[in-house]
Amino acid sequence: MRTTSLLFDDRVLIDMGTGVGDLSLGAMEAIDTVFLTHSHLDHIVALPLMLDSVGPRRNKPLQVCALKETIETLQAHIFNGSVWPDFTAIPTAETPFLRFEPIVPGQSIAVDNKNFQAIVVNHTVPAVGYLVGSDQGSFAFTGDTAQNKEEFWDVINDCHDLKHLVIETSFVDADAEVALVSRHLNPATFVEEMAKYRNSARVWLTHMMPGFEEEITSQIRQHNSALDFSILKRGDRINI
Ligand SMILES: [Zn+2]
Ligand SMILES: [Zn+2]
């Protein structure tokens, strides 16, 4: 089982789920910047572990960009000296292993030749997706989300060089109630979201409940057989 983590150009991660475990120690050491979508464990679990492994091998802090609320949660519940050391002050406060960078929705942060813009999404805790822009085109990732208002879809639809949209669909329709309270999508609500999608970029599905990938896919096809989408799998590479 692997959870959410997307690697960009070997230098930047969006989210740090167990997918980070597929990287070698050297590959983890090369990562300088992380953008987090939200504080849930399946998106952050590898952060404390990776810092412990590569912190001593690096000569500068890992920069972790996230909403203020996400940072506060991580500081209070993970890097609190009880669950894990406070790596924002280790080995010293001047040159720590970890440095948090609060971001606000709509803000863009440039890393190398890419621009990472946070977009608010609808989840049980404060959460964002990211629009990643580059000279070659753009890439969008929803992170965990339920159905979103037009403001979200306007950003996606107005992105004229968008090449890929990665969107979650976590549950089967039989678990629509669970999806509703945990603010995730299921095939019926995903298809409703796609009715708001007016971009021609390729759509990828992610964050499916393990073992239910085929059922989720076939339920989407039953709702709308004309929808074109792909399933994002462990280790897939996407060229922007
Ligand atoms: Zn979540
Ligand atoms: Zn999640």
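Rules of the game
- Residues numbered from 1 in each chain as written.
- Chains lettered and ligands numbered in written order.
- Predicted model: local features only at pLDDT ≥ 70, side-chain atom pairs only at ≥ 80, totals over all residues.
- Heavy atoms only, no water.
- Helix = DSSP H or I, 4+ residues; strand = E, 2+ residues; numbered from the N terminus.
- Contact = heavy atoms within 4.5 Å.
- Patch = residues over 30% accessible without salt bridge, like charges linked within 9 Å, V, L, I, M, F, W, Y side chains within 5 Å.
- Areas by Shrake-Rupley, 256 points an atom, 1.4 Å probe, with all protein chains shown as cover.
- Salt bridge = Lys/Arg side-chain N within 4 Å of Asp/Glu carboxyl O.
- Lys, Arg positive; Asp, Glu negative; His and termini not counted.
- Charge placed at Lys NZ, Arg CZ, Asp CG, Glu CD.
- Buried < 20%, exposed > 50% of the residue type's maximum accessible area, 1.4 Å probe, protein only.
- Core = buried A, V, L, I, M, F, W, Y, C linked by side-chain atoms within 4.5 Å.
- Donors = N, O, S within 2.8 Å, 3.2 Å for Na, K, Ca; no water.
- Polar contact = N/O pair within 3.5 Å; in protein donor to acceptor, adjacent residues only side chain to side chain.
- Tetrahedral: all angles 85-135°; square planar, octahedral: opposite > 155°, others 65-115°.
- Pairing = 2+ DSSP bridges.
- Axes fitted to C-alpha atoms, helices over the stretch in contact; angles between N-to-C directions.
- Domains from an automatic or database assignment.
- Buried area = accessible area lost by both parts, 1.4 Å probe.

What should I look at first to understand the environment of I238 in this one?
Counting through the fold element by element, I238 comes out in the segment after β12 (230–231). A sequence separation of 212 residues divides I238 from G26, and the C-alpha atoms of the two residues are 22 Å apart. Ignoring any residue separated from it by four or fewer positions in sequence, one finds I238 in contact with F139, H164, V166, W204 and L232.

Would you mind going over a negative patch on the surface with me for this structure?
A surface patch of like charges, here negative, comprises E150, E151, D154 and D158. Position of D158 among the secondary structure elements: in the loop between α5 (150–157) and β10 (162–168). Take D158: its relative accessible area is 52%, and that puts it in the exposed class.

I would appreciate a short explanation of the nonpolar core in the present structure.
Most often, soluble globular proteins keep nonpolar side chains buried together rather than apart. By size, the foremost hydrophobic cluster in this structure holds 26 residues, and its most contacted members are I156, L165, I167, F190, M194, Y197 and V203. Of all the elements in the fold, those that place two or more residues in this core are β7 (114–121), β8 (127–134), α5, β10, α7 (187–194), β11 (202–206) and α8 (213–223). In this structure, I156 is in contact with I119, A140, L162, L165, Y197 and N199, ignoring residues within four places of it in sequence. Counting 24 residues, the second largest nonpolar core, distinct from the first, contains V20, A46, A66 and L74.

Please explain the coordination of the zinc ion (ligand 2) as it appears in this structure.
Coordination of the zinc ion (ligand 2) by the protein involves D42 (OD), H43 (NE2), D144 (OD) and H207 (NE2), with metal-donor separations of 2.1 to 2.2 Å. On the primary sequence, the residues serving as donors to the zinc ion (ligand 2) are separated as D-H-x100-D-x62-H. Since its relative accessible area comes to 2%, D144 is described here as buried.

Sorry if this is basic, but what is going on with unusual backbone geometry here?
For residues other than glycine, phi is negative in most cases, and the peptide bonds are mostly trans. A cis geometry characterises the amide bond from I90 onward to P91, with omega recorded as 0 degrees. Positive phi outside glycine occurs at D112, with the angle close to 50 degrees.

Looking at this structure, how should I read the side chain of T37?
Relative to the helices and strands, T37 is located in the loop between β3 (33–35) and α2 (41–44). A residue is classified by how much of its surface remains accessible, and T37, at 0% relative accessible area, is buried. Within the structure, the side chain of T37 is placed 2.8 Å from the side chain of D15, a separation counted as a polar contact. Those residues in contact with T37 that sit more than four places away from it in its chain are I14, D15, H43, P126, A127, V128, Y130, F141 and G143.

Honestly, the coordination of the zinc ion (ligand 1) in this entry has me stumped. Any pointers?
By definition of the ideal shapes, a tetrahedral metal site with four donors has angles of 109.5 degrees and an octahedral site with six donors has angles of 90 or 180 degrees. Every protein donor of the zinc ion (ligand 1) is accounted for by H38 (NE2), H40 (ND1), H123 (NE2) and D144 (OD), and the metal-donor separations fall at 2.1 to 2.3 Å. Around the zinc ion (ligand 1), the 4 donor atoms are arranged such that angles at the metal cover 91 to 163 degrees; this shape is classified as irregular. Sequence spacing of the donor residues for the zinc ion (ligand 1), all on one chain, is H-x1-H-x82-H-x20-D. A separation of 3.6 Å is found between the zinc ion (ligand 1) and the zinc ion (ligand 2), both of which receive a donor from D144.

How should I be thinking about the sheet that holds strand β1 (residues 6–8) in this particular structure?
Whenever strands of a sheet pair, they do so through backbone hydrogen bonds, lying parallel or antiparallel. As summarised here, the arrangement of the 5 strands in space is β1-β2-β3-β4-β5, forming an open sheet in which the pairing is mixed. Each edge of the sheet is formed by a strand with only one pairing partner; in this case those strands are β1 and β5 (98–103). Between one strand and the next, the sheet's axes are offset by a mean angle of 20 degrees, whatever the strand orientation. Contacts between helix α4 (residues 68–77) and the sheet are confined to β4 (62–67) and β5, with β4 contributing the most and set at about 120 degrees to the helix.

Sorry if this is basic, but what is going on with helix α3 (residues 46–54) here?
Since the α-helix turns once every 3.6 residues, residues separated by three or four places project in the same direction. What α3 keeps buried is the set A46, L47, P48, M50, L51 and V54. The inward-facing, buried residues of α3 contact α1 (25–29), α2, β4, α4 and β5.

Got a minute to help me understand the domain arrangement of the chain in this structure?
Size of an interface, as often reported, equals the accessible area lost when the parts are brought together. For the chain, the domain assignment lists domain 1 (1–103) and domain 2 (105–234). Domain 1 and domain 2 are separated by 23 Å when their C-alpha centres are compared. Buried area between domain 1 and domain 2, summed over both chains or domains, comes out near 2,100 Å², and the portion from carbon and sulfur atoms is 70%. If you look at where domain 1 meets domain 2, you find 3 salt bridges. Linking R11 and D112 is a salt bridge whose minimum nitrogen-to-oxygen distance equals 3.9 Å. Inspection of the region where domain 1 meets domain 2 yields 10 residue pairs in polar contact (both at pLDDT 80 or more). Taken together, the elements giving at least two residues each to the side of domain 1 that touches domain 2 come down to β1, β2 (12–14), β3, α2, β4, α4 and β5.

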